[in-house]
Amino acid sequence: MQLDRERLLRAYKNMKIIRMFEERLHEEIKTGEIAGFTHLYAGQEAVAVGVCELLDDEDKIVSTHRGHGHCLAKGCDVIGMMKEIYGRADGLCKGKGGSMHIADIEKGMLGANGIVGAGAPIAVGAAMSAKLDGRGKVSIAFSGDGACNQGTTFEAMNMAVVTKVPAIFVFENNKYSENTGVDYAVGTASDIAGRAEGFGMKVWRANGSDFFDVYNTMLDLLDYVRAGHGPAAIEFDTERFFGHFEGDPQKYRGDGELARIRDQRDPLKQFRLKAVELDKIDLSDLDKIDEDVAALIEAAVTQARAADAPSPEDVLTDVYVSY
Amino acid sequence: MTEMMLREAIAQTLHDEMLRDSNVVVLGEDIVGGMGTEGGPESTGGIWGTSGGLFDKFGPNRVIDTPISESAIVGAAAGLALSGKRPVAEIMFADFVGVCLDQLWNQLAKFRYMFGGKTTCPAVIRMSYGAGLNAAAQHSQSVYSLLTALPGLKVVMPTTPADAKGLLTTAIRGSDPVIFMEHKALYAVRGEVPEGEYMIPFGQARQVRAGRDVTIVACGLMVSVAEAAAAGLEAEGIGCNVIDLRTTSPIDEDAILDSLEITGRLVVVDESPPRCSLATDIAGLASQHAFSSLKAPIQLVTAPHTPVPFARELEREYLPSADKVQAAVRAVMAYK
Ligand SMILES: Cc1ncc(C[n+]2csc(CCOP(=O)(O)OP(=O)(O)O)c2C)c(N)n1
Ligand SMILES: [Mg+2]
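Chains are numbered independently. Their residues run from 1 in the order of the written sequence. Chains and ligands are labelled by the order in which they are written, letters from A for the one and numbers from 1 for the other. It should be noted that, the model being predicted, local features are given only for residues of pLDDT at least 70 and side-chain atom pairs only at 80 or more, the latter also being counted only at that level, while totals for whole chains, interfaces and linings use all residues. Based on all heavy atoms of the structure, the side-chain values leave hydrogens and waters out of the count.

Observations concerning the side chain of His65(A)
Item 1. You can see His65(A) is positioned in the loop between strand 1 (60-62) and helix 3 (68-73).
Item 2. Note on contacts: a residue pair is in contact if any heavy atoms of the two residues lie within 4.5 Å. Setting aside chain neighbours within four positions, we find His65(A) in contact with His39(A), Met100(A), Asn113(A), Val116(A) and His244(A). Strands here are runs of E lasting at least two residues and helices are runs of H or I lasting at least four, both read from the DSSP assignment and numbered beginning at the N terminus.

What follows is the structure in C-alpha cells.
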C-alpha cells in the first residue's frame, strides 16, 4: 500500500489527534474534573498510527494501560473516548471503564488493559480466531518494555509460535517502566526483539519516532504474517513525552532529557519534515489539519464536560447478559 | 509517641526490622525507583512512599527492585523464606494477585502443611488495595475476602499508623506467610506511633468505640466508615460497639461474640462483594455461635456483586457509606 497523498494526510491527522487529545488531557487533569489514573501516549504516536493505518476493523489489537493512542489510531470515536475518560454515561464504555479500559470491539479494539502483560495472551486468542476464519486477518498485542518481562508475555509468544497463528507482538520500548529504566529491567541488554527471536519468531526493529519507518517496516512484517508464516514481533524505539501517569514528578529523568527527546524524537515534527520533502503535500495542508483537530478536541472536551454522569443504579448493569 | 502518616510508619518499620535482622529482605517493582535511569536509584523511592532510603542503606542484595513479574516476585519470596530469609515482598496493587495467585496459594501458603510441618515460611506479601480513588476495575479491588479463604495465609489490615507498625513488626518476626493489606486511601492518615519495639498479636481486634445497642464489625477503610456512622447515631441515642478486626485470618471471634452477647444486633461492613465474603463469614460465625443472643436479622453492608466501576458517581454508589451503615443500624434497631 503506497503512501499516497490521502493516506499521508490521514496518518498525520490521526497522529495529531492523539497528540492534541493527550496534551489537552494533561491540562484538563489539573482542574481535578477527571478522576482516576491516566497514562498519556504522547511521543509514541507514530507507532500506533503507523501500525493501525495498515489494519482494518477485522484485524484486532489488544492495548495497554497507555491505550489512548492505540484506541484513537484504531478508529475509536474521539468524543466517545473523551466522555469515557470524564466518566460520563454515554462514554464509550458508559463510564464504567475509564481511561485504562477503553474498548470498541466493532473496531477490532479489544481493550486497553490495566494489568501489565495481560494483553499478549488475549491477542494470541484473537489470532487463533483469525486463523480459524481464514481471511488473512491478524491480531496485534501492544506491549511495553516493562510488559515484556511478564511471564504471560513469554507464554503468549511461545504459544503463538507453536500454534503458528497470525499474532504480532509490538513492543514499544520507551525506555521506562514507571520509574525503572529498560537497561536495568530487561536482561537482554535492552534488546526486546532479540528476546522474541529466541522464542522462534521472525523479528523486525524500527524507529518509533518516524512514521515512515514504522509504516514501511510494518508493511513488510504484515506481508509475512498475512501470508500465513505464523507470528512475528517488532520492537520500536520510542519515547514518552509525559510522566508515567499524570502527576508523576519524573525524577528519574536526566537533566534536559525531556527537552531533548521532545526536540529530536517528536513523531509529528519528523513527519512534517519528511512529508514535505516527499513533495506530495504542503505544510499548509498540515496546518489546516492542525486547525481541524484543535476544533475536534475542543468539541470533545466541551461535550464531555456537559455530558450526564451515569446514574447510581447503573452500577448493577452489564455484569452478566442474564442472571 | 511520634505523629506520622501510615505510609511513614510502614517505611520506618521496614527500616527498623532490616536493621535488627539481616535476614529481612525486601523486594518488589519500583520499590527503589529509578534503577537503570539517569536520575538513579532512590530518585523516586517507591510508588507508595513506603520504601524510600532502604536501598541506600541496605544495598541491592537486601533491597531488590524487580522487573514487572509478580509470579516471580512471590515465588522468589517463597524461595527466600524456605532458605531461611525473611522476605517482605510488595505487590503494587492487590488486584495483581490475579497474576501470581499460584505462587501465593499453591506454593507459599501450603509448604508447611504439605511438608508435614518440616519448614516455616516467614514471608510477608504487602499490597495496596481498595476503592475510592476511581482507579477502576483492575486497580481498586478488596482482595481480602478471597485471600482470607486460603488456608495457610494470615491476612492483616492496619487502619492506623500505630497498628501498621505493630502488625507489620509481628508479621515480619512471625513464622508464617502473611498478606499485609494497605488501603490506598489510608496511606496519608496520620496518628501517634509508639517508639521502640511495638508488636500487636494477630487475632486481637481493636475496639474503636464502645456501645451497647449494636455491634458493627469492620476492617480496613470500612472502619472509618463504621466509625462515622456510629458517631452520627450516637446523637440519636444509639450506641454502637465498633470493632476493627485488624486481622481477618486469624479472626478475633471472641471480640465479636462477646459484643453480641451485650448488643444482640450485628452489622458487618465489608468493602468486598457480598458472595463468599468476609461479611458472610462473620454472619455465619454469629448465627452459629451467637444465635440465642441475636435480637434481629444480621445486616451486611457490602459492595455489590459487580466489578469496581470507574466513574465517580458509580464508585460512590459501589462503596459502603456511612449512610448505608446508619440505615442498616436503624434496621436492626427497628426490628421487632
Ligand atoms: C500486573 C501489573 N503489574 C504492575 C502494574 C503497575 N504498572 C502499571 S504500568 C507499569 C509500567 C509498564 O511499563 P511498560 O510496559 O514499559 O509500559 P509504559 O508504561 O512504558 O507504556 C507498571 C509497573 C500493573 N498495572 N500491572
Ligand atoms: Mg515502557
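Quick word on the site of ligand 1
Item 1. Proximity is defined per residue: if any heavy atom of the residue lies within 4 Å of a molecule or strand, that residue is considered near it. Near ligand 1 you find 22 residues, and of these His65(A), Arg66(A), Gly114(A), Gly146(A) and Glu70(B) are the closest.
Item 2. Among the chains of the assembly, those with residues near ligand 1 are chains A and B.
Item 3. Polar contact is defined as a pair of N or O atoms within 3.5 Å, subject to the rule that within protein one atom must be able to donate a hydrogen and the other to accept it, and that residues adjacent in sequence are counted only when both atoms are side-chain atoms. One of the backbone N or O atoms of Ala147(A) is found 2.8 Å from an oxygen atom in ligand 1.
Item 4. Only the protein chains shown count as cover for residues, and the accessible areas themselves come from Shrake-Rupley with a 1.4 Å probe. For ligand 1, the accessible surface in isolation is 580 Å², of which the surrounding protein chains cover 97%.
Item 5. Residues of the shell around ligand 1, tallied by class, amount to eight nonpolar, nine polar and five charged. Under the scheme applied here, ten amino acids are nonpolar (Ala, Val, Leu, Ile, Met, Phe, Trp, Tyr, Cys and Pro), four are charged (Asp, Glu, Lys and Arg), and all others, including Gly, are polar.

As for the pairing of strand 3 (residues 167-173) of chain A
All names here are of chain A.
Item 1. Counting buried residues along strand 3, seven of its seven residues qualify, which places the element largely inside the surrounding structure.
Item 2. Here, a strand pair is defined by DSSP locating no fewer than two bridges between the strands. Relative to strand 3, strand 2 (residues 139-144) runs parallel, the two being bridged by six bridges. Opposite Ile140, over in strand 3, you have Ile168 as the bridge partner.
Item 3. Crossover handedness is defined here as right-handed if the route from the first strand over the helix to the second strand goes clockwise, with the strands pointing away from the viewer. In this fold, the crossover linking strand 2 to strand 3 by way of helix 6 (residues 151-163) has right-handed handedness.
Item 4. In this structure, strand 3 lies alongside strand 7 (residues 232-237), joined through six bridges in parallel fashion. Buried means the residue's accessible area, taken with a 1.4 Å probe over protein chains only, is under 20% of the maximum for its type, while exposed means over 50%, and partly exposed covers the values in between.

Here we look at the sheet that holds strand 2 of chain A
All names here are of chain A.
Item 1. Pairing is parallel in the open sheet, where five strands are placed in the order 1-2-3-7-6. A single partner strand is all that each edge strand has here, and the edge strands are strand 1 and strand 6 (202-207). The sheet shows a mean angle of 20° between the axes of neighbouring strands, taken without regard to direction.
Item 2. Comment: axis = line fitted to C-alpha atoms, over the contacting stretch for helices; angle = value between 0 and 180 degrees taken between N-to-C directions. Across the face of the sheet, helix 2 (residues 45-52) comes into contact with strand 1, strand 2, strand 3 and strand 7 while running at roughly 170° to strand 2.
Item 3. Running over the sheet, helix 9 (residues 211-226) touches strand 2, strand 3, strand 6 and strand 7 and is turned about 165° from strand 6.

Some words on a nonpolar patch on the surface
All names here are of chain A.
Item 1. A cluster of nonpolar side chains, namely Met128, Met159 and Val162, defines an oily patch on the protein surface of about 280 Å² accessible area.
Item 2. By secondary structure assignment, the location of Met159 is in helix 6.
Item 3. Judged by relative accessible area, Met159 falls into the partly exposed class, the value being 42%. The residues that make up patches have over 30% relative accessible area and no salt bridge, and they are joined within 9 Å when like-charged or within 5 Å when they are Val, Leu, Ile, Met, Phe, Trp or Tyr. By salt bridge we mean one thing: a side-chain nitrogen of Lys or Arg within 4 Å of a carboxyl oxygen of Asp or Glu.

Description of the interface of chain B and chain A
Item 1. With 41 residues of chain B at the contact, the number on the chain A side is 49 residues.
Item 2. By buried area we mean the combined loss of accessible area, with a 1.4 Å probe, across both parts when two parts are placed together. Taking both partners together, chain B and chain A bury about 3400 Å²; carbon and sulfur atoms supply 60% of that area.
Item 3. At the boundary of chain B and chain A, one finds zero salt bridges.
Item 4. The tally of links from chain B across to chain A stands at 16 residue pairs in polar contact (both at pLDDT 80 or more).
Item 5. Those elements giving two or more residues to the side of chain B that touches chain A turn out to be strand 4 (86-93) and helix 11 (312-318) of chain B.

Structural notes on the coordination of the magnesium ion (ligand 2)
All names here are of chain A.
Item 1. In this listing, donors mean N, O and S atoms no farther than 2.8 Å from the metal, or 3.2 Å for Na, K and Ca; water is missing from the atoms, so a site can look incomplete. The protein atoms donating to the magnesium ion (ligand 2) are Asp145 (OD), Asn174 (OD1) and Tyr176 (O), with metal-donor distances spanning 2.1 Å.
Item 2. Going along the chain, you hit the donors of the magnesium ion (ligand 2) in the pattern D-x28-N-x1-Y. Here Tyr176 lies in strand 4 (residues 176-177) and Asp145 lies in the loop between strand 2 and helix 6, a separation of 31 residues in the sequence.
Item 3. Take Asp145: its relative accessible area is 2%, and that puts it in the buried class.

Notes on the packing of aromatic side chains
Item 1. Think of it this way: a Phe, Tyr or Trp ring, Trp meaning its six-membered ring, pairs with another when their centres are within 6.5 Å, and the plane angle makes it stacked under 30 degrees, edge-to-face over 60, tilted otherwise. Per the stated rule, a full pass over the model turns up 15 aromatic pairs over all chains.
Item 2. Measuring from centroid to centroid gives 5.4 Å for Tyr12(A) and Phe271(A), while their planes differ by 35°, and the two rings are tilted. Of the two residues, Tyr12(A) sits in helix 1 (residues 5-29) while Phe271(A) sits in helix 11 (residues 267-277), which places them 259 residues apart along the sequence. Phe271(A) shares its class with Tyr12(A); the two are buried.
Item 3. Between Tyr129(B) and Tyr144(B) the ring centres are 5.8 Å apart and the planes differ by 90°, which places this aromatic pair in the edge-to-face class.

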